[in-house]
Amino acid sequence: MADSNQIKNIAIVGASGQVGSSVLKHLLKSPKGFKITVITRTDSQATFPSSVTVKKGTYDDAQFMEDAFKGQDAAIFALHFSAQAAQDGMLDAAAKAGVKWLIPNEYAGDGMNEAMMKAAPAFAPKLQSRKHIEELSKTYEGVKWIGVTTNPFFESFLVNSSKVFGINTAAHTATIYPDAGRFNTSTLDRIGLSVTRMLSLPITDSSNPRASLQHYANNFLYTSSYCVTQSELLQAIQKAKGESEADWTVTKDKTVKGSIEQSEAAMKEGNFQAGFALVGQVFRENMSPRCASANVRAVLYRYIGEGLGGNYEDKAQEDRKALGLEAEQDSFEAAVKRVLKV
Ligand SMILES: NC(=O)c1ccc[n+]([C@@H]2O[C@H](COP(=O)([O-])OP(=O)(O)OC[C@H]3O[C@@H](n4cnc5c(N)ncnc54)[C@H](OP(=O)(O)O)[C@@H]3O)[C@@H](O)[C@H]2O)c1
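Residues numbered from 1 in each chain as written. Predicted model: local features only at pLDDT ≥ 70, side-chain atom pairs only at ≥ 80, totals over all residues.

Caption draft 1: Structural context of the sheet that holds strand β7 (residues 167-168). Taken in spatial order, the 3 strands of this open sheet run β7-β8-β12, and their pairing is mixed. Only two strands of the sheet have a single partner each, and these edge strands are β7 and β12 (249-251). In this structure, strand β8 (residues 173-175) lies alongside β12, joined through 3 bridges in parallel fashion. By the bridge assignment for β12, T173 is matched with T249. (Pairing = 2+ DSSP bridges. Helix = DSSP H or I, 4+ residues; strand = E, 2+ residues; numbered from the N terminus.)

And the structure:
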């Protein structure tokens, strides 16, 4: 007999992407026997395991989306930046179809940290989508969002560490900011596993409400693989590559605070207010590359700046406990070595 206190049917939009493919992999491996529907674009080249129901169509086709969402308990959105603008229409379709648990495109900083959300404009569309779901719940009873806070993806930030965290592995140069602090980062695998464990929880549990899905209604799940400093990252890279400090030029003449000010000035150059209604628009023509990159950096500096919201380890630990997750098996140094393939 079906367990009415358990999510069973889950739709994923963007299941072939970085986040989506990891979530899909873990959902399919789960002993809970989830029934998965993948919603993908008509012209997508993505392929999926035969155990998955695949519905192909157009994201902005409201009827197609509503039909695709029928019968689903939860819908996970893991969309490419450029598809963010289509999300609200898809949320409407999901709510209309009767889906109660909506996991919108987040996978970023701590959405409960108001100062951080207000400070970095790239977070605005995420906040707006959460508000949109809250509006929908006035018409469609029981609809709620769950945000997934990941901070920077471990793999991509490490590979792009020159651009994002001041560490250029090819040039052997690093900028270590004196006002940087400890920050969380999540591997893609950990994100998929954490989302799966959360959706595996009983919907309600009066004996342990903290370990129920209801705890996450209009709330955030905090995933994390490591909580590290820039210096620890630099040392791990040096160790992985068998290099010493003498092989590197390390400067400490810039601050996070000053870098945020510079990013904000660059954003203003790019017709920022008009051009950044949605994060996908960083790729559009009305924003100069300098302005677009400043937008991304404005977020990343907030991840690493001491006291700016990038360290949510306490919340991540609570969630690991609720989800029955151990810390990563790989040490931070081993994980750095694996990703750098050295
Ligand atoms: N915290 C971080 O460090 C970080 C880094 C990157 C992204 N993010 C966040 O995570 C979200 C998901 O990112 P992701 O990297 O997992 O997404 P992704 O791999 O770039 O794309 C996810 C899926 O979106 C669909 N899609 C729709 N329109 C597309 C288009 N024009 N081009 C390519 N794919 C398109 C594709 O699925 P189908 O082919 O099946 O339609 C694709 O597999 C982002 O929107 C962003 O909010 C966070």
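Caption draft 2: Quick look at the site of the ligand. The immediate surroundings of the ligand are formed by 26 residues, with G14, G17, T40, S44 and H80 found nearest. Of all the secondary-structure elements, those providing two or more residues to the shell around the ligand are α1 (18-29), β2 (35-41) and α6 (154-159). In terms of residues, the shell around the ligand owes the most to one element, α1, which gives 3 residues. Classifying every residue of the shell around the ligand gives 12 nonpolar, 13 polar and 1 charged. (Near = placed C-beta within 6 Å. Nonpolar A, V, L, I, M, F, W, Y, C, P; charged D, E, K, R; others polar.)

Caption draft 3: Representation of the environment of E155 within the structure. Residue position: E155 is located in helix α6. Judged by C-beta crowding, with 18 C-beta atoms within 10 Å, E155 ranks as partly exposed. Sequence spacing of E155 and L188 is 33 residues, and the spatial spacing of their C-alpha atoms is 7.4 Å. What E155 contacts, discounting residues up to four positions off in sequence, is T187, L188 and V339. (Buried ≥ 20, exposed ≤ 12 C-beta atoms within 10 Å, placed from the backbone. Contact = placed C-beta atoms within 7 Å.)

Caption draft 4: Seen up close, unusual backbone geometry. Not every positive phi belongs to a glycine, and Y107 is a case in point at roughly 55°. In this structure Y107 comes out as buried when scored by C-beta crowding, with 24 C-beta atoms within 10 Å. Backbone geometry places N218, a non-glycine residue, at a positive phi of 55°. Tracing the backbone through its elements, the reader meets N218 in the loop between α8 (188-200) and β10 (219-222).

Caption draft 5: The arrangement of the nonpolar core in detail. The biggest cluster of nonpolar side chains holds 87 residues, and the ones touching the most others in it are I10, I12, A75 and L102. Looking at which element gives the most residues to this core, the answer is helix α12 (residues 289-304), with 6 residues. With sequence-adjacent residues up to four places away left out, A75 is seen in contact with A11, F69, A94, V99, L102 and I103. (Core = buried A, V, L, I, M, F, W, Y, C linked by C-beta atoms within 7 Å.)

Caption draft 6: Broad picture of the confidence of the model for the protein chain. Averaged over every residue, the pLDDT of the protein chain is 90; residues scoring 70 or more account for 91%. In this model residues 271-286 is a low-confidence stretch, pLDDT under 50, and it forms 32 contacts with partners more than four residues away in sequence or in other chains. (pLDDT = per-residue confidence, 0-100.)

Caption draft 7: Structural context of the sheet that holds strand β1 (residues 9-13). In space, the 7 strands of this open sheet follow the order β3-β2-β1-β4-β5-β6-β10, with parallel pairing throughout. Each edge of the open sheet carries a strand with a single partner, namely β3 (53-57) and β10. Pairs of neighbouring strands in the sheet enclose a mean axial angle of 20°, with direction left out of account. Bridge count between β2 and β3: 5 bridges; the pairing is parallel. What sits directly across from R41, in β3, is G57. Taken strand by strand, helix α2 (residues 62-69) contacts β1, β2, β3 and β4 (74-77), and its axis lies near 170° from that of β3. (Axes fitted to C-alpha atoms, helices over the stretch in contact; angles between N-to-C directions.)

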